[in-house]
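# Reading the structure
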Amino acid sequence: FFHCASRSVILTDALVWVEPTPPEVLSDLGLESLGGGPDEGVVLSILQAINYTGVQERMQGQGPRPRDDPRSRTALGWRRNSVFALYIVPDGPSILDPDSTGAWARIVGHLLVPPIVMTFVFAAEEVRSRVLAWVDRMCARWPNMQAAVPAHFGGPVPCRTGDLQKAFELLRSDGPPPLRGAVQYGPDLDRLYGGVQVLRSLGIRVGPGGVRE
């Protein structure tokens, strides 16, 4: 949709803009807990208990990392929450320290096709061509766009036609889906592809219209 008065394109799941700081609607206490250690938060406790992607060994190797400042813990909780939301099954190091692995830098502060959408919905070649045609139509129809309002995370954010095209640039690569290991998404995308392979082994096809039997 296009809001003429503000010259804003309104999107649902196709793009997100992850803000550097958590929105006020989220509970600081919940984020602070997520930013704590395994003895303080449910999520890390579970991941350590099941040794998710070697989290247990990595945490033991790192030793204690006290974060006494609630604001620092809340900020880390927001980073972890965002990585979880966009990758669903990120790698262990990206959960423990999304800053040092680059996971946070890859998703924050710019328009981005969510990795989960890119992998499960846009990966098939015939879908990619339709998405790109849709992007081209938007740019042609609304050449004066100035902002984007994604349904998830932050918005409105400045967005002209060139910014919209750039956000979908990865889909324009030739050959098979150029997603595995793409620098825009990093190694965490490989775990999402693992999920795709599991679905395919169960007879569920990832293609036009998303995931379906």
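An account of the accompanying structure is given in this report. Given the structure is predicted, the values throughout are model-derived calculations rather than measurements. (Residues numbered from 1 in each chain as written. Predicted model: local features only at pLDDT ≥ 70, side-chain atom pairs only at ≥ 80, totals over all residues. Heavy atoms only, no water.)

## Things to note about the nonpolar core
As a reminder of what qualifies: Only buried Ala, Val, Leu, Ile, Met, Phe, Trp, Tyr and Cys residues count toward a nonpolar core, and they belong to the same one when joined by side-chain atoms within 4.5 Å. Per-residue accessibility, obtained with a 1.4 Å probe over protein chains only, is compared with the maximum for each type, and a residue is labelled buried under 20%, exposed over 50%, and partly exposed between these values. In this text, helices come from DSSP runs of H or I with a minimum length of four residues, and strands from runs of E with a minimum of two, each type numbered from the N-terminal end. Here, residues are in contact when the closest pair of their heavy atoms is within 4.5 Å.
In this structure, Val9, Leu15, Phe122, Leu164 and Phe168 are the most contacted members of the largest nonpolar core, which totals 27 residues. Looking at this core, the elements with two or more residues in it are α7 (115-120), α8 (125-141) and α9 (161-167). Tallying contributions element by element places α8 first for this core, with six residues. With sequence-adjacent residues up to four places away left out, phenylalanine 168 is seen in contact with Ala14, Leu15, Val113, Phe122, Val131, Leu132, Trp134 and Val135. Counting residues in each nonpolar core, the second largest holds 17 residues, with Val16, Ala103, Val108 and Leu189 among its members.

## Let's talk about helix α4 (residues 70-87)
Given 3.6 residues per helical turn, the α-helix brings residues three or four places apart onto the same face. The following threshold applies: To estimate how far a helix should extend, the number of its residues minus one is multiplied by 1.5 Å.
An ideal rise of 1.5 Å per residue puts 26 Å on 18 residues; α4 measures up with 26 Å between its terminal C-alpha atoms. Where α4 is concerned, the buried positions are Arg73, Thr74, Leu76, Gly77, Trp78, Arg79, Arg80, Ser82, Val83, Leu86 and Tyr87. At the C-terminal side of α4, isoleucine 88 shows a positive phi close to 65 degrees.

## Quick look at the environment of aspartate 69
Along the chain, aspartate 69 falls in the loop between α3 (55-62) and α4. Distance from aspartate 69 to glutamate 32, taken between C-alpha atoms, is 9.6 Å for residues 37 residues apart in sequence.

## Here we look at the side chain of arginine 106
So the rule is basically this: Polar contact is the term for a pair of N or O atoms within 3.5 Å; when the atoms are in protein, one must be able to donate a hydrogen and the other to accept it, and sequence-neighboring residues count only if both atoms are side-chain atoms.
Inspection of the secondary structure assignment puts arginine 106 in helix α6 (residues 103-107). Look at arginine 106 and you get buried, because its relative accessible area is 18%. A distance of 3.3 Å separates the side chain of arginine 106 from the backbone oxygen of threonine 101, its partner in a polar contact.

## Re the packing of aromatic side chains
Defined as follows: For this analysis, a ring pair means two rings from Phe, Tyr or Trp (six-membered ring only for Trp) whose centres lie within 6.5 Å, classed as stacked if their planes differ by under 30 degrees, edge-to-face if by over 60, and tilted for the remaining angles.
Tallied over the full model, the rule gives three aromatic pairs. When the ring of tryptophan 134 is compared with that of phenylalanine 168, the centres are 6.1 Å apart and the planes differ by 85 degrees; the resulting orientation is edge-to-face. One end of the pair, tryptophan 134, is in helix α8; the other, phenylalanine 168, is in the loop between α9 and α10 (188-201), with 34 residues separating them in the sequence. The class for tryptophan 134 is partly exposed, based on a relative accessible area of 30%. Residue phenylalanine 168 is classed as buried on the basis of its relative accessible area, which comes to 1%.

## Structural notes on the pattern of salt bridges
Filter applied, for reference: Salt bridge criterion: a side-chain nitrogen from Lys or Arg within 4 Å of a carboxyl oxygen from Asp or Glu.
One pass over the full model with this rule turns up two salt bridges. Here glutamate 32 makes a salt bridge to arginine 73, at a shortest N to O gap of 3.7 Å. Remark: arginine 73 occurs in helix α4 and glutamate 32 occurs in helix α1 (residues 28-34); sequence separation between them is 41 residues. The salt bridge involving aspartate 99 is made with arginine 79; its shortest N-O contact spans 2.9 Å.

## Some words on the sheet that holds strand β5 (residues 147-149)
The line we're drawing: Strands are treated as partners if at least two bridges between them are detected by DSSP.
Overall, mixed pairing links the four strands, which are arranged β1-β2-β5-β6 in an open sheet. The two strands at the open ends of the sheet, each matched to only one other strand, are β1 (2-3) and β6 (157-158). Sheet topology places strand β2 (residues 8-10) next to β5; three bridges connect them, and they run parallel. Bridge pairing in β5 links valine 9 to alanine 148.

## Details of unusual backbone geometry
Omega for the peptide link from glycine 155 to proline 156 comes to -5 degrees, which places this bond in the cis form. Note on placement: proline 156 falls in the loop between β5 and β6. Here the phi dihedral of arginine 7 falls at roughly 55 degrees; this positive angle occurs in a residue that is not glycine. Of note in the backbone geometry, phenylalanine 153 takes a positive phi value of approximately 65 degrees without being a glycine. Inspection of the secondary structure assignment puts phenylalanine 153 in the loop between β5 and β6.

## Looking at α8
Our working definition: The reported arc concerns the directions from the helix axis to the C-beta atoms and nothing else.
With 17 residues, α8 extends 24 Å between its outermost C-alpha atoms, agreeing within 8% with the 24 Å of an ideal straight helix rising 1.5 Å per residue. Listed in full, the buried residues belonging to α8 are Val127, Arg128, Val131, Leu132, Val135, Met138 and Cys139. Each buried residue of α8 lies within a common arc of 135 degrees when the element is viewed along its axis, so the set occupies one face. The exposed set on the far side of α8, more than 90 degrees from its buried face, consists of Arg130, Arg137, Ala140 and Arg141.

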